[in-house]
Amino acid sequence: MNHYQSESLFNIAQQSLVGGVNSPVRAYKAVGGTPVFLKKGIGSHVVCEDNHDYIDYVLSYGPLILGHAHPDILETLAKTMQAGTTFGAPTQLETDLAEAIKSFYPYVEKVRFVSSGTEASMSAIRVARGVTKRSIVVKFKGCYHGHVDSLLVAAGSGSATLGVADSAGVLLDSVSHTAVLDYNNTQQVHDFFKDHGDDIACVLMEPVAGNMGVIVPDLDFVAVCRQWCDKVGALLVFDEVMCGFRTQRSGTHEWIGVEPDMVILGKVIGGGLPCGAYAAKAAIMDYVAPLGPVYQAGTLSGNPLAMSAGLTTLRLLEDGTVFKALDNYTSQLVSGIENCIQATDMSAVVSRKGSMFTLFFTDTLPQSFSAVQACDQTLFKAFFHAMLNQGIFLPPSQYEACFTSALHDDNDLRKTLSSIEAVFSMFKKAS
Ligand SMILES: *Cc1c(COP(=O)(O)O)cnc(C)c1O
């Protein structure tokens, strides 16, 4: 499979875009080679500039739960667009989408829309600090909450450490109130709360981690975070930008058995357009301007196109049939992969929750960031390129989740499994 056109476009792109991309993972640094330039998406497939067709498990990193160019989304966008694309004034669509979100998240009373997950988590921690009048935000190693200065911290070895920035340009001052603990480590939560409980504004977590590959939490771990937050008066914030609508029909609260004080949304709720949101009970959200003292604003917030694409998406998710289909497809795919792993004696495991999953090259399911770091990255690189060559489009890093859509079908399932079988057999022969 050649990529002449992508190579040429990438060379030109690098003259005018930083690294040829607008978001770093797209540059394929973790896997090497030239990023594939896409020109078209149809349902569960994408087509590149060299006219190769791929089954897509990236789905724009999660938003496209209905697949590419879903006819209902195209129709609603065309209709909304005819009436203008942005007003800077309230529209009914915003209320409609907020109500749709509330029907999936019963503990939510009020919603504020923004234009990205980053903006949503930045605003959520501002609210948590405004409400509690405290400074410390507890986050977990390997969880990503967008490129917010104070959240660009993953460092912290073994025990809890107070922030060391991951990015140049982030002041030590910005991260000095961010505490980083290990995901799924209940003991660290106990210890940190015992020492710092009265200074903690919120615990921010991905209730199913997706940004270190998929890691499903211990229910006890989440319950302990809830108990401590209640005890000291801190807020528990679930970042469901990625896992919202993917682990079950709605949010994660039902199967986790814990409700957060605030939830951060993005990806799926924009139906493929830029959108984020933070939401909570009125007692918390009423701290936000214009009602309260926490300032937050946005020129394109609640944009009509994003609202209508999101609303159409959520309406199609409402009766649960899409979730059942996703669950069915993904479970068949994952058990097929597990059979391939057994048959070829590969050292690999699949972690899955709902319609998100990750194949890790290691023997036991990772429970934390350090376990993911110990996976065989060289094998992942070879796997990524071999799958691409078979026509399967995967995220170009071991630290990403794969997603399925409502439009992945039996043909996709068969083709994906036969590709994995071919790739694993090739690896086995080579070793
Ligand atoms: C993608 C993601 C974000 C950031 O959203 P952007 O829209 O890329 O800013 C935040 N949190 C989680 C869990 C995400 O997966």
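Here the structure is a predicted model, which is why all the values come from computation and not from measurement.

A. Geometry of the environment of glycine 354. Looking at where glycine 354 falls in the secondary structure, it is placed in the loop between strand 12 (349–353) and strand 13 (356–360). For glycine 354, a relative accessible area of 6% puts it in the buried group. Each C-alpha atom, one on glycine 354 and one on proline 24, is 27 Å from the other, the two residues being 330 residues apart in sequence. Residue contacts for glycine 354: discarding those within four places in its chain leaves Arg246, Thr247, Phe323, Asp327 and Thr330.

B. Examining the site of the ligand more closely. The ligand sits among Ser116, Gly117, Thr118, Tyr144, His145, Gly146, Glu206, Asn211, Asp239, Val241, Met242 and Lys267. Threonine 118 is positioned such that a nitrogen or oxygen atom in its side chain is 2.6 Å from an oxygen atom of the ligand. Note that an oxygen atom of the ligand is positioned 3.1 Å from one of the side-chain N or O atoms of asparagine 211. Protein contacts shield 83% of the accessible area of the ligand, which totals 380 Å² for the unbound molecule. Considered class by class, the residues forming the shell around the ligand number 3 nonpolar, 6 polar and 3 charged.

C. Seen up close, the pattern of salt bridges. As enumerated under the stated definition, the model contains 5 salt bridges in all. The salt bridge partner of arginine 226 is aspartate 230, with a shortest N-O separation of 2.8 Å. Here the residue arginine 226 and the residue aspartate 230 both occupy positions in helix 7 (residues 219–232), the gap between them amounting to 4 residues, near one helical turn. Among the residues examined, arginine 226 registers a relative accessible area of 12% and is labelled buried. By sharing partners, the salt bridges in this structure join Arg226, Asp230 and Asp261 into a single network.

D. Broad picture of the sheet that holds strand 15 (residues 402–403). Across the sheet, which stays open at both edges, the 3 strands sit in the order 12-13-15 with antiparallel pairing between neighbours. Strands with a single pairing partner mark the edges of an open sheet, and in this sheet they are strand 12 and strand 15. Pairing of strand 12 with strand 13, which is carried by 5 bridges, proceeds in the antiparallel orientation. Bridge pairing in strand 13 places arginine 352 opposite phenylalanine 357. Its contacts with the sheet place helix 11 (residues 321–344) against strand 12 and strand 13, and it is angled at close to 170° to strand 12.

E. The arrangement of the sheet that holds strand 2 (residues 45–48) in detail. Spatial strand order, 1-2-3-14: 4 strands in an open sheet with mixed pairing. Strands at the two margins of the open sheet, each flanked by one partner only, are strand 1 (38–42) and strand 14 (392–393). In this structure, strand 1 lies alongside strand 2, joined through 4 bridges in antiparallel fashion. Paired with lysine 40 across the strands is valine 47, a residue of strand 2.

Each value, and the rule that gives it
- Residues numbered from 1 in each chain as written.
- Predicted model: local features only at pLDDT ≥ 70, side-chain atom pairs only at ≥ 80, totals over all residues.
- Heavy atoms only, no water.
- Helix = DSSP H or I, 4+ residues; strand = E, 2+ residues; numbered from the N terminus.
- Buried < 20%, exposed > 50% of the residue type's maximum accessible area, 1.4 Å probe, protein only.
- Contact = heavy atoms within 4.5 Å.
- Near = heavy atom within 4 Å.
- Polar contact = N/O pair within 3.5 Å; in protein donor to acceptor, adjacent residues only side chain to side chain.
- Areas by Shrake-Rupley, 256 points an atom, 1.4 Å probe, with all protein chains shown as cover.
- Nonpolar A, V, L, I, M, F, W, Y, C, P; charged D, E, K, R; others polar.
- Salt bridge = Lys/Arg side-chain N within 4 Å of Asp/Glu carboxyl O.
- Pairing = 2+ DSSP bridges.
- Axes fitted to C-alpha atoms, helices over the stretch in contact; angles between N-to-C directions.

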